[in-house]
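Results of the structural survey
So you can see what is in the structure, the chains are spelled out below.
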Amino acid sequence: MSTKGKWEKRWHPLREEWIVYSAHRNNRPWQGAAKSTPASAPDFDSACYLCPGNKRVHGSVNPNYNDVFIFENDHPVVGMQAPEVTPAGSLYKREQATGVAKVVCYDPRHNISLSQMKLPEVVKVFVAFQQEMIAFRKNPAIHSVLIFENKGEVVGVSNPHPHCQIYAVDFPLKLVSQQVRVADIYKLTTGKNIFESIVAHEQQDKIRIIAENDFAIAFIPYFARYAYEIMIFPKAHHQSLISLSDEELAGFTAVFHQTVRKLDMNFEMDFPYVMSMMQAPVDGSSYPEFRIHCWLQPPYRQPGLIKYLAGPEIGAGNFMADTMPEEKAAELQKINVADYRWER
Ligand SMILES: [Zn+2]
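Each value, and the rule that gives it
- Residues numbered from 1 in each chain as written.
- Predicted model: local features only at pLDDT ≥ 70, side-chain atom pairs only at ≥ 80, totals over all residues.
- Core = buried A, V, L, I, M, F, W, Y, C linked by C-beta atoms within 7 Å.
- Buried ≥ 20, exposed ≤ 12 C-beta atoms within 10 Å, placed from the backbone.
- Helix = DSSP H or I, 4+ residues; strand = E, 2+ residues; numbered from the N terminus.
- Contact = placed C-beta atoms within 7 Å.
- Expected span 1.5 Å × (residues − 1).
- Arc of directions from axis to C-beta.
- Pairing = 2+ DSSP bridges.

Attention shifts here to the nonpolar core. One recurring pattern in soluble globular proteins is that nonpolar side chains are buried together. Within the largest apolar cluster, 75 residues are counted, with the highest numbers of intra-cluster contacts made by V145, I210, A218, I230, I232 and V255. Ranked by the residues each element gives to this core, the list is headed by helix α1 (residues 119–137), at 7 residues. Setting aside its immediate chain neighbours within four residues, I232 contacts A216, A218, V255, F256, T259, H293 and C294.

With that settled, consider unusual backbone geometry. Phi at K206 takes a positive value of approximately 65°, unusual for a residue other than glycine. Examined against the element boundaries, K206 turns out to sit in the loop between α3 (194–205) and β7 (209–212). The phi angle at E268 is positive, at roughly 50°, despite the residue not being glycine. By the secondary structure assignment, E268 is in the loop between α4 (246–267) and β10 (273–278).

A word on α3. What sets the pattern is the α-helix's 3.6 residues per turn: residues three or four places apart point alike. Taking 1.5 Å as the rise per residue, α3 with 12 residues should run 16 Å; its terminal C-alpha atoms sit 16 Å apart, in good agreement. Inspection of α3 places I194, F195, I198, V199 and E202 among the buried residues, and these make up the whole buried set. Buried positions in α3, seen along its axis, are confined to an arc of 140° and lie on one side of it. For α3, exposure combined with an orientation more than 90 degrees from the buried face picks out A200 and Q204. The inward-facing, buried residues of α3 contact α2 (174–190), β7, β8 (216–219) and β9 (230–234). Directly beyond the C-terminal end of α3, a positive phi value near 65° is found at K206.

We now examine the sheet that holds strand β14 (residues 320–321). Taken in spatial order, the 3 strands of this open sheet run β1-β2-β14, and their pairing is mixed. Because the sheet does not close on itself, it has two edges, and the strands there are β1 (7–12) and β14. Both β1 and strand β2 (residues 17–22) contribute to a ladder of 6 bridges, which runs antiparallel. Within β2, the residue paired with H12 across the bridge is E17.

Compared with an ideal rise of 1.5 Å per residue, which puts 17 residues at 24 Å, α2 spans 24 Å between its outermost C-alpha atoms and is within 8% of the ideal. Within the sequence span of α2, burial applies to Q179, V180 and A183. End-on, the buried residues of α2 take up no more than an arc of 100°, which puts them together on one face. Turned more than 90 degrees from where α2 packs its buried face, K174, R181, L188 and T189 sit exposed.

Of the two faces of β8, the one lined by A216 and A218 and the one lined by I217 and F219 are each fully buried. When β7 meets β8, the two strands line up antiparallel, connected through 3 bridges. From the neighbouring strand, A211 faces β8, where its bridge partner is A218. Taking the residues between adjacent antiparallel strands as the criterion, β7 and β8 are bridged by 3 residues. For β8 and β9, the ladder comprises 4 bridges, and the chain directions are antiparallel. Looking at the pairing, A218 lines up with I232 of β9.

See below:
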């Protein structure tokens, strides 16, 4: 059997690293033995600190909210009240852990996910993200904002209540900084925008596109590290959510919604992922070459089979992938989201 197209290395232009694909070793097809429908937890859990009306750890009581509910994390990773630290050192540096950490509850229902929610409800969530960004831009203490969702026990989430987190920090986020830098270098050397070139490549190849409308596009990139890794870009040029029009934001949300539904439908399970909204800093500088994108990095290669990070990934920082992006994209392309059955 030929290993052509299943055994090669590809350059990740945004991370500046090689990924080795060896899908020729992984010929066992998924048998579907462990299929399960999305979880059937109760609508309300009196022990959940995110459900409406419940008391949180320091005594605050959640309002009886109807859609999106945002509050400052009771156990913040970064905070304006972090202890003062005398900055010291050049090699062993330290500073105060300043910032704002928030929790965004998507829905009062304890047992739902973004994929199961109706599209207009998910649009409300994305509008809330945009409003948070607008507020953080006005806060001189904040340099960069990461909006992220860890979905599923397999990525370490103990509370299934649908929510994500916002970390607004006073320092540059590492991967955003790297993308800003590679985009600037790409512009200098080619005269082009690196993100637009990636989207153009994907539109030309077509085989890795997962969902698309007039305003946004989702694809498994040519250089994906995880089996079902997906990038979602607005088609117009935006550095963050702040500048998207209502229509563009709704279109971007719709492509996200179709994408996460396809992931759920592919294995008939609530498909875990790490979602991060990659946005330019809000420190007042301009980042003309940066393009906002939503980045989904699901840990599963298939149900029950996680991509563990080990020697090459942890030791060297280079991924060894067991699947080809084209094969995984073909699986998702076959799915018709109109057949989605778990909307509530
Ligand atoms: Zn809950």
